Amino acid sequence: MFTGIVEQIGAVSRLEERESGRRIVLTAPGLGNLTVGASIAVNGVCLTAVETETDSVSVDVIPETLRRTNLGSLEPANLVNLERPMPADGRFDGHIVQGHVDGVGVVESVVRSREAGTVLTVQTPEQLRAYLVEKGSVTIDGVSLTVATVTDTGFEVALIPHTLDATTLGLRKDGDTVNLEMDVLAKYVERLLGSRP
């Protein structure tokens, strides 16, 4: 389980296309401290460390994950958000994030103004819009955020300067794709209510 509080930004150093999908080699200070088999969220996608070296980790991405996320569009030198799983005795800061991406959204606009700060508008796949609630939670590329406004085609979030600096969201521009994980509590409620006679 993750919290959506990004620990650091990493960089894609190498990509290897494989029959079983894609291997991504990431670099960031301290990544060598991960052990093989450990989980790490890469742009909100829970992956497993398969090789580690000083300040680098390799993860394998299977075709199913490449279909459901934007990890297939990564290129060398691209920056990614990284988070290790929350320890059992850790502080819970964001919201419950599983690292199981529900779909890919498209950045419709990034508006920066003195009055409103930075507002990111995301077009969301239609099947995911039912999980959007104003002041509810959503994860964009692994970042825990609060929905400011629900729109006809998706939602808006307001980003504080710290989030812009500490994550890759400050680099997003119109037309970029982003990984979306909807609030797991909403999905469980839907399932439970849908299964009632």
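The structure we're discussing is the one just above.
Calculation criteria
- Residues numbered from 1 in each chain as written.
- Predicted model: local features only at pLDDT ≥ 70, side-chain atom pairs only at ≥ 80, totals over all residues.
- Heavy atoms only, no water.
- Helix = DSSP H or I, 4+ residues; strand = E, 2+ residues; numbered from the N terminus.
- Buried < 20%, exposed > 50% of the residue type's maximum accessible area, 1.4 Å probe, protein only.
- Pairing = 2+ DSSP bridges.
- Axes fitted to C-alpha atoms, helices over the stretch in contact; angles between N-to-C directions.

1. Looking at unusual backbone geometry
Here comes step 1: The phi dihedral of asparagine 43 falls on the positive side, at around 50°, and the residue is not glycine.
Here comes step 2: If you trace the backbone, asparagine 43 turns up in the loop between β3 (39–42) and β4 (45–53).
Here comes step 3: For asparagine 43, a relative accessible area of 2% puts it in the buried group.
Here comes step 4: In this structure, alanine 77 takes a positive phi of about 80° despite not being glycine.
Here comes step 5: When you line up the elements, alanine 77 lands in the loop between α1 (63–68) and β6 (79–83).
Here comes step 6: With relative accessibility at 61%, the residue alanine 77 sits in the exposed group.

2. Let's talk about the sheet that holds strand β1 (residues 8–18)
Here comes step 1: Here six strands make up a closed barrel; going around it, the order is β1-β2-β5-β4-β3-β6 and the pairing antiparallel. On average, each strand axis in the sheet is tilted by 45° relative to the strand beside it, whichever way the strands run.
Here comes step 2: Strand direction decides the pairing type here: β3 and β6, joined by two bridges, are antiparallel. Directly across from valine 42, in β6, lies its bridge partner leucine 82.

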